[in-house]
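So you can see what is in the structure, the chains are spelled out below.
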Amino acid sequence: MSQPGLVNLHPLPPLLRAEIQWGLHTHAQAAQHSEWTTNGIRNLVGHCRRGGITSLMDLHDQGYKDLTPKQMDSEVRKIIWEVANGLRCVYYSPSDTKDAGFLETDHFGRRFKNAQSHFDITTVPQRWLRDLLWDHLAEWLRSPQCPRTRGPFDQMRRAAVELGVFLQADAPDAGHDPTVLRREHAERFVADQRHRARHGLPSLGMVLVDGRSPTVTDLSCQFVFNGARKLLYSAIPAGHAERLGIDTGFLTAIPFGGTGLKQRSRNPFSDDVARALMDETNLRRLEELDLNDRGLRDIWETIVATGRRCSEIVGLRLDCIGRYRGLAMLWHDQTKVGNYNEGIRIPEPVYQRLDARRTKTLQLFEKRYGRVPTAAERPGLALFPSRIRNPNGRQPISYGHFNHRFKTWISDLDLGGAYVAHQARHTLATNLLRAGATLTHIRRYLGQLSERMAEHYVKITNSDLEDVLNTVWVAGPGAPNPGELLSGDTTPIDRESALALALDLSRRSTPADGGFCTYQPVVDGGACPWKLDCENCDNFVLSGADLLYWRRKAEQWRSIAEKAPDDATADYLHTVFEPTAQAIKGLEQALAALGILDEALTLDLRRPQDYFHRTWSTAFRARDLAALQAPDDAAGQP
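Residues numbered from 1 in each chain as written. Predicted model: local features only at pLDDT ≥ 70, side-chain atom pairs only at ≥ 80, totals over all residues. Heavy atoms only, no water.

### Description of the overall build of the protein chain
From N to C terminus, the protein chain includes 28 helices and nine strands. Buried positions account for 42% of the 638 residues belonging to the protein chain. Pairs at least 24 apart in sequence give 63% of the contacts found in the protein chain among residues at least 6 apart. A total accessible area of about 35400 Å² is found for the protein chain, and carbon and sulfur atoms account for 51% of it. (Helix = DSSP H or I, 4+ residues; strand = E, 2+ residues; numbered from the N terminus. Buried < 20%, exposed > 50% of the residue type's maximum accessible area, 1.4 Å probe, protein only. Contact = heavy atoms within 4.5 Å. Areas by Shrake-Rupley, 256 points an atom, 1.4 Å probe, with all protein chains shown as cover.)

Okay, structure coming up:
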């Protein structure tokens with residue numbers, strides 16, 4: 001007789017029965033866990049009974065006669081894998097894991113995001129090197145400065161594997177005896193890595209999931225050198241070098257790999273690529289790749305419209321949108337820079353699309369649980385929920401899932417290049433700059449830490465640079481403090497102060513001879529009450545585009561002073577021009593702090609394109625104009 005929900009464990013050996021019971025208890029306690037069905041657990045019990053299994057660890061490692069783990073049902077394999085991974089922390093102490101060649105982060109109370117506790121280091125051939133790696137990683141896990149992700153652990157393991165495999169092939173006794181290792185062995189390892197990076201050769205020790213060996217690059221060399229250098233150096237203060245008898249020359253021979261390689265930043269999407277990526281027909285093809293309707297198109301259109309990072313959109317919560325005084329707003333977390341619950345305005349079509357997705361997500365929740373989410377549950381629900389390890393609806397789909405589908409979509413479109421979703425962020429930043437936004441506004445809108453990072457995303461063309469120069473303002477010669485920065489009196493000026501000045505586009509002004517007039521009645525179209533005496537007016541300011549104009553003025557005044565009949569007259573001329581000289585000096589100081597002084601010196605006209613207008617390009621000889629006469633030859637008649 002069938003009894004739903006009942007699993008009979010009595011025929012199993014005591015140890016195996018306890019393991020399954022422990023696995024069920026641990027599985028139920030996990031906040032984010034996969035779904036185990038009753039039939040899956042029953043099938044597992046049946047396999048164990050037929051194979052005479054006494055421990056799940058045996059079934060996980062080798063299966064049983066006539067049935068390998070790969071031949072089992074996928075759900076049974078999943079249950080065995082999860083329970084066996086948990087049992088390692090029970091069966092192995094930290095010292096046992098060191099002997100066995102792996103490390104359990106749960107022993108240290110750590111678990112990296114989207115990673116299991118088990119971290120294998122058996123690919124390091126030499127026991128002494130593997131022990132050094134284990135000790136170093138364990139010290140990291142005990143430290144308050146433990147990395148947030150598993151990336152640094154993977155890089156350190158790669159460094160140890162590359163070094164160990166090379167020593168196995170090149171050093172005496174395959175590198176197993178550390179006392180015979182000398183400086184030349186480390187230097188040959190460095191030379192081999194650089195040779196492989198220069199010629200694009202495969203790695204000696206690393207193997208990808210598909211069985212291929214990755215190519216050694218300059219970037220991988222940097223990680224390997226820095227990781228191996230840090231690992232070997234750590235053996236000296238920890239006392240391992242003296243205990244093992246390792247030569248200091250070997251431990252210190254690997255050079256510093258550097259802090260970063262200069263890489264080309266990604267370009268914004270060109271006009272034709274941008275149109276193709278937002279074409280309705282192509283977007284429907286992206287929807288077709290979304291087999292379980294998890295919102296891939298919604299994610300992509302939101303990224304394009306807002307310029308958010310992919311992970312920020314993928315991780316949106318259910319109640320991330322709302323209207324405030326009629327304005328559509330999006331609330332999101334910028335976890336990379338530590339900004340949480342940041343709100344930005346979004347276009348109406350994006351709001352409608354996210355609102356429709358919210359309705360679908362609520363329907364999925366109600367279909368699964370037979371009820372609507374409570375008020376306490378709603379803030380934590382994911383807008384784009386995952387189908388895997390998501391019992392409470394809080395887990396969003398992974399960035400890897402979105403990126404994999406996006407790459408498939410891009411390759412199917414055949415756009416003639418390799419494009420990634422992150423280029424939408426570059427495109428929006430560039431368009432914002434050209435539309436008149438400041439670098440400060442772009443930095444704040446995109447959620448970046450500094451203007452330097454904003455410059456990384458923004459591509460400044462020649463006309464954009466000219467606009468930036470026009471926004472670097474200092475007080476004119478007629479002001480009480482000529483050359484004073486209008487944003488403050490910082491002396492000497494630093495880059496941050498100069499950027500704060502250059503990014504202030506809120507001032508209203510009108511062009512004047514050699515600068516800008518900020519007197520609002522004149523800006524609004526009124527007459528100048530000072531009869532255009534700009535140089536002596538405190539409302540007159542200089543921009544970066546006017547530097548050469550005022551330098552030529554300075555040369556003119558110096559020339560006049562040199563031709564003065566006596567020293568008193570020359571001193572008087574220098575005194576009269578001194579306020580202007582101070583203004584020029586302040587302008588150069590501001591431009592130099594921004595790093596655009598050289599560009600300003602090459603800009604010979606304020607708006608060069610204006611001089612290509614037909615009015616300026618049409619010319620006549622003076623003698624021809626003088627010879628013109630009226631049709632009736634009447635002098636003085638038009």
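### Regarding the sheet that holds strand E5 (residues 339–345)
Reading across from one edge, E3-E4-E5 is the order of the three strands in this open sheet, with antiparallel pairing throughout. At either end of the open sheet lies a strand with only one pairing partner, and these are strand E3 (321–324) and E5. Each strand of the sheet is rotated relative to its neighbour by a mean of 35°, with strand direction disregarded. Strands E3 and strand E4 (327–334) of the sheet are contacted by helix H16 (residues 348–369), whose axis makes an angle of about 130° with E3. (Pairing = 2+ DSSP bridges. Axes fitted to C-alpha atoms, helices over the stretch in contact; angles between N-to-C directions.)

### Re the pattern of salt bridges
Scanning the entire structure with this criterion turns up 25 salt bridges. As a salt-bridge pair, glutamate 287 and arginine 297 come within 3.1 Å of each other at their nearest N and O atoms. Of the two residues, glutamate 287 sits in helix H13 (residues 280–289) while arginine 297 sits in helix H14 (residues 296–306), which places them ten residues apart along the sequence. Its relative accessible area of 38% is what places glutamate 287 among the partly exposed residues. Notably, a salt bridge pairs glutamate 348 with arginine 323, separated by 2.4 Å at the nearest N-O pair. Separated by 25 residues along the polypeptide, glutamate 348 in helix H16 and arginine 323 in strand E3 bring together distant segments of the chain. (Salt bridge = Lys/Arg side-chain N within 4 Å of Asp/Glu carboxyl O.)

### Focus on the packing of helix H6 (residues 127–142) against helix H9 (residues 218–234)
Packing of H6 against H9 leaves a shortest axis separation of 10 Å and a crossing angle of 90°. The orientation of H6 relative to H9 falls into the category roughly perpendicular. Note on element contacts: H9 touches H6 through Lys230, Leu231, Leu232 and Ser234, opposite Leu129, Leu132, Leu133, His136 and Trp140. A class-by-class count of the residues in the contact of H6 with H9 yields six nonpolar, two polar and one charged. (Parallel < 35°, antiparallel > 145°, perpendicular 65-115°, else oblique. Nonpolar A, V, L, I, M, F, W, Y, C, P; charged D, E, K, R; others polar.)

### Digging into the pairing of E4
Looking at chain direction, E3 and E4 are connected through four bridges and run antiparallel. Paired with arginine 323 across the strands is alanine 328, a residue of E4. Linking two consecutive strands that pair antiparallel, namely E3 and E4, is a turn of two residues; a positive phi of about 55° is found at arginine 325 within it. Between E4 and the antiparallel strand that follows it, E5, lie four residues; glycine 338 among them carries a positive phi value of about 80°.

### A closer look at the nonpolar core
If you look at the biggest cluster of nonpolar residues, it comprises 46 residues, and the most contacted ones within it are Leu103, Trp128, Leu137, Phe189, Phe250 and Ile254. When contributions to this core are tallied by element, the ones reaching two or more residues are H6, helix H7 (151–170), helix H8 (183–199), H9 and helix H11 (248–251). Leave out the neighbours within four places in its chain, and tryptophan 128 touches Leu167, Gly175, His176, Pro178, Leu181, Leu244, Ile246 and Phe250. Membership of the second largest hydrophobic core comes to 37 residues, among which are Leu296, Cys310, Leu330 and Trp409. (Core = buried A, V, L, I, M, F, W, Y, C linked by side-chain atoms within 4.5 Å.)

### Topic: unusual backbone geometry
Notably, aspartate 173 is not glycine yet its phi reads approximately 55°, a positive angle. Along the chain, aspartate 173 falls in the loop between H7 and H8. We note that aspartate 293 has phi near 50°; this positive angle belongs to a residue other than glycine. Along the chain, aspartate 293 falls in the loop between H13 and H14.

### What about the pairing of E5?
Sheet analysis places E4 next to E5, joined by five bridges and oriented antiparallel. Within E5, the residue paired with methionine 329 across the bridge is arginine 345.

### Some remarks on the packing of aromatic side chains
Per the counting criterion, the structure on display carries 15 aromatic pairs. Note on tyrosine 324 and tryptophan 331: the rings are 5.8 Å apart at their centroids and 80° apart in plane angle, and the pair reads as edge-to-face. For the pair phenylalanine 365 and tyrosine 369, a centre-to-centre distance of 4.6 Å together with 40° between the ring planes defines the contact as tilted. Placement of both phenylalanine 365 and tyrosine 369 in helix H16 is noted, with a separation of four residues, approximately one turn of the helix. Judged by its relative accessible area of 31%, tyrosine 369 falls in the partly exposed class. Three or more aromatic residues joined by ring pairs make a cluster, and in this case those are Phe269, Trp300, Phe402, Phe406, Trp409 and Tyr419. A cation sits over an aromatic face here: arginine 157 above phenylalanine 119, 4.2 Å from the ring centre. The ring of tyrosine 351 is capped by arginine 323, whose NZ or CZ atom sits 4.3 Å from the centre of that ring. (Phe/Tyr/Trp six-rings, centres within 6.5 Å; stacked < 30°, edge-to-face > 60°. Lys NZ or Arg CZ within 6 Å of the ring centre and 35° of its normal.)

### As for a nonpolar patch on the surface
On the surface, Leu15, Trp22, Val90, Tyr91 and Tyr92 cluster together into a nonpolar patch covering about 440 Å² of accessible area. Contributions of two or more residues to the nonpolar patch are made by helix H1 (14–29) and helix H4 (74–91). With respect to the element layout, tryptophan 22 can be found in helix H1. (Patch = residues over 30% accessible without salt bridge, like charges linked within 9 Å, V, L, I, M, F, W, Y side chains within 5 Å.)

### Let's talk about the environment of proline 4
Tracing the sequence through the fold places proline 4 in the segment before H1. Judged by relative accessible area, proline 4 falls into the exposed class, the value being 77%. Separated by 34 residues in sequence, proline 4 and threonine 38 place their C-alpha atoms 8.0 Å apart.

### Quick word on the environment of threonine 122
Looking at where threonine 122 falls in the secondary structure, it is placed in the loop between strand E2 (118–120) and H6. On the basis of relative accessible area, threonine 122 is assigned to the partly exposed category, the value being 40%. The residues contacting threonine 122, other than those within four sequence positions of it, are Ala100, Gly101 and Arg130. Within the structure, the side chain of threonine 122 is placed 2.8 Å from the side chain of aspartate 120, a separation counted as a polar contact. (Polar contact = N/O pair within 3.5 Å; in protein donor to acceptor, adjacent residues only side chain to side chain.)

### Some remarks on the packing of H8 against H9
Running from amino to carboxyl end, H8 crosses H9 at an angle of 160°, the nearest separation of the two axes being 9 Å. Regarding the angle of H8 to H9, the classification is roughly antiparallel. The hand of the H8/H9 crossing is right-handed. Contact residues: Phe189, Val190, Gln193, Arg194 and Ala197 in H8; Asp218, Cys221, Val224 and Phe225 in H9. Considered class by class, the residues forming the contact of H8 with H9 number six nonpolar, one polar and two charged. (Left-handed = near helix turned anticlockwise from the far one by under 90°.)

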